[in-house]
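Architecture and fold: a report
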Amino acid sequence: MATQPMGEANQQLWDDTLSRLLSLSSVTVRRNSDLENRVADLEVELSVWKQAHSVALEASEREVKAHNVQIAALNRQISNLDCFKNNQNPLILCIINGDELVFNRELLSQGYQGGRTAAQQLTQAIAEHLAHEDVHVYGRLSFWITIYFNKTELMEDLSANNYCTPEQLQAFLAGFSQASPRFSTVDAGFSKESVEAKIKEYLQTFTRFPQTLRVFFGGYEDLAYMSTFSALEKDQMLGKLVLLFPAQDPARSTDRPSVYSLPHLSVDGLFLLEKLPRIPKKLAPLTTGPFSAVTSNGGLISPQSPARSVGRPIDPSLPLHKQNPPPCNEHYLMTCSKGAGICKYSHDYILTADQLNSLANNAKKAPCNWLKNGVQCPYGEQCCWGHVCPNGPKCFHLSKGK
């Protein structure tokens, strides 16, 4: 009879032990799960911190490069310090490509008063930047602003987009230039290239003056001014430049990074945040004298001439690269900085989807000129040229150590 209670006691002991083991196991599993979740959270947090550190490090490196460029320019100025003994008027210059960097709609629509207000706001922004930079001025400061633009096209584009009337633009320009004897607005001609040529010559000439402390440049594009900036960098003059931009979301300002690390001045509320939409220019029909029924869009066609189609067809018997002239890769796949009037390749062919695909594949076989020159390509993955050799480790040039 005593054996039965003993068996029941042992059974109870085993049940209690098993229950405690199950409870401990459940606690351990929950604890492990909590720890795994915590580790996952910490890994995500670490990844965020690593990314933030990488961004901060890149920004710091850009600032160091910009600082070094400025130091080189200042050292060059110090070597010419004797100039200041005879000329006590150091120069602060501002040059703007008015086709690329356009004043905002509100100021343009105000006409004459808007021009004076724009001049005052730009002067104040530059003065504040110089004060923040702690630029030491010897003698009386001489401040100049010059805006180059294609007046005819700018007037048409502003009017077509309902930004302002031609009369308001005329009044705005008058107000801006009359705000100071040193402020000028210059109509550079009927093409983008003529405006850029004026600005390049301005930068090449005035940046090298020993008395020039700073040149603020608005309307900068990497491709257009690459050679000019390279020449200034070679002469240790690039540190005098400050790039002028409209104030905008910092995330958007990195869409197309600049090749050169230069200081920036962002001015709030003065310029359009987006580029001015361009209106396609159409030539007016021309009549052909007594043959009044015959017209042409820019060319003189005799009454017997057949109607001309837009664009030129590809010769199907020849590959694309043997056409005369060959089609321009950058025009069809990206954007051609030279323009149809200067580029030696054709912009006029009518290409099918297959031909465009063939053009793209062949372009990727040629190396990008930016990378060949040891410069970061501003187009990145959107560049039509090759950034990676298609032959990989079997590349002939790689085997030669190139």
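Computed from a predicted structure; not experimentally measured.

In this model, the protein chain carries an average pLDDT of 79, and 77% of its residues clear a pLDDT of 70 or more. Scored below 50 in pLDDT, residues 249-257 makes 9 contacts in the model with residues more than four places away or belonging to other chains. Taken together, the stretch residues 283-309 has pLDDT below 50 and engages in 21 contacts with residues farther than four places along the chain or on a different chain.

All right, on to the sheet that holds strand β1 (residues 91-97) then. Pairing between the strands of a sheet is mediated by backbone hydrogen bonds and can be parallel or antiparallel. Strands sit in the order β3-β2-β1-β4-β5-β6 across an open sheet of 6 strands; the sheet is parallel. Looking at which strands have only one partner, the edges of the open sheet turn out to be β3 (183-187) and β6 (264-267). Strand after strand, the sheet turns through a mean of 20° between neighbouring axes, direction not considered. Bridge count for β1 against strand β4 (residues 212-218) is 6 bridges, and the pairing is parallel. Residue pairing for β4: I92 is matched across the bridge by R214. This element, helix α6 (residues 166-177), spans β2 (142-149) and β3 of the sheet and lies at about 140° to β3.

This brings us to the pattern of salt bridges. Enumeration according to the criterion identifies 6 salt bridges in this entry. The closest approach of N and O atoms between R278 and D157, which form a salt bridge, is 3.0 Å. Note that R278 is positioned in the loop between β6 and β7 (286-288) and D157 in helix α5 (residues 151-160), a separation of 121 residues in sequence. The class for R278 is partly exposed, based on a relative accessible area of 40%. The partner of R208 in a salt bridge is D235, with the nearest N and O atoms 2.5 Å apart. Within this pair, whereas R208 is found in the loop between α7 (192-206) and β4, its partner D235 is found in the loop between α8 (226-234) and β5 (241-246), the two being separated by 27 residues in sequence. Classification of D235 as partly exposed rests on a relative accessible area of 25%. It is possible to trace a salt-bridge network through shared partners that takes in E100, K192, E196, E221 and K275.

Next up on the list: the packing of helix α4 (residues 112-133) against α6. Pairs of packed helices are described in terms of their axes, by the angle between the two and the distance that separates them. It is at 6 Å that the axes of α4 and α6 come closest, and there the two elements cross at 40°. Taken as axis vectors, α4 and α6 run oblique relative to one another. Note that α4 runs across α6; the crossing there is right-handed. Along its contact with α4, which presents Y112, G114, G115, R116, A118, A119 and L122, the element α6 presents A171, F172, A174, G175 and F176. In terms of residue class, the contact of α4 with α6 is made up of 8 nonpolar, 3 polar and 1 charged.

What counts, and where the lines are drawn
Residues numbered from 1 in each chain as written. Predicted model: local features only at pLDDT ≥ 70, side-chain atom pairs only at ≥ 80, totals over all residues. Heavy atoms only, no water. pLDDT = per-residue confidence, 0-100. Contact = heavy atoms within 4.5 Å. Pairing = 2+ DSSP bridges. Helix = DSSP H or I, 4+ residues; strand = E, 2+ residues; numbered from the N terminus. Axes fitted to C-alpha atoms, helices over the stretch in contact; angles between N-to-C directions. Salt bridge = Lys/Arg side-chain N within 4 Å of Asp/Glu carboxyl O. Buried < 20%, exposed > 50% of the residue type's maximum accessible area, 1.4 Å probe, protein only. Parallel < 35°, antiparallel > 145°, perpendicular 65-115°, else oblique. Left-handed = near helix turned anticlockwise from the far one by under 90°. Nonpolar A, V, L, I, M, F, W, Y, C, P; charged D, E, K, R; others polar.

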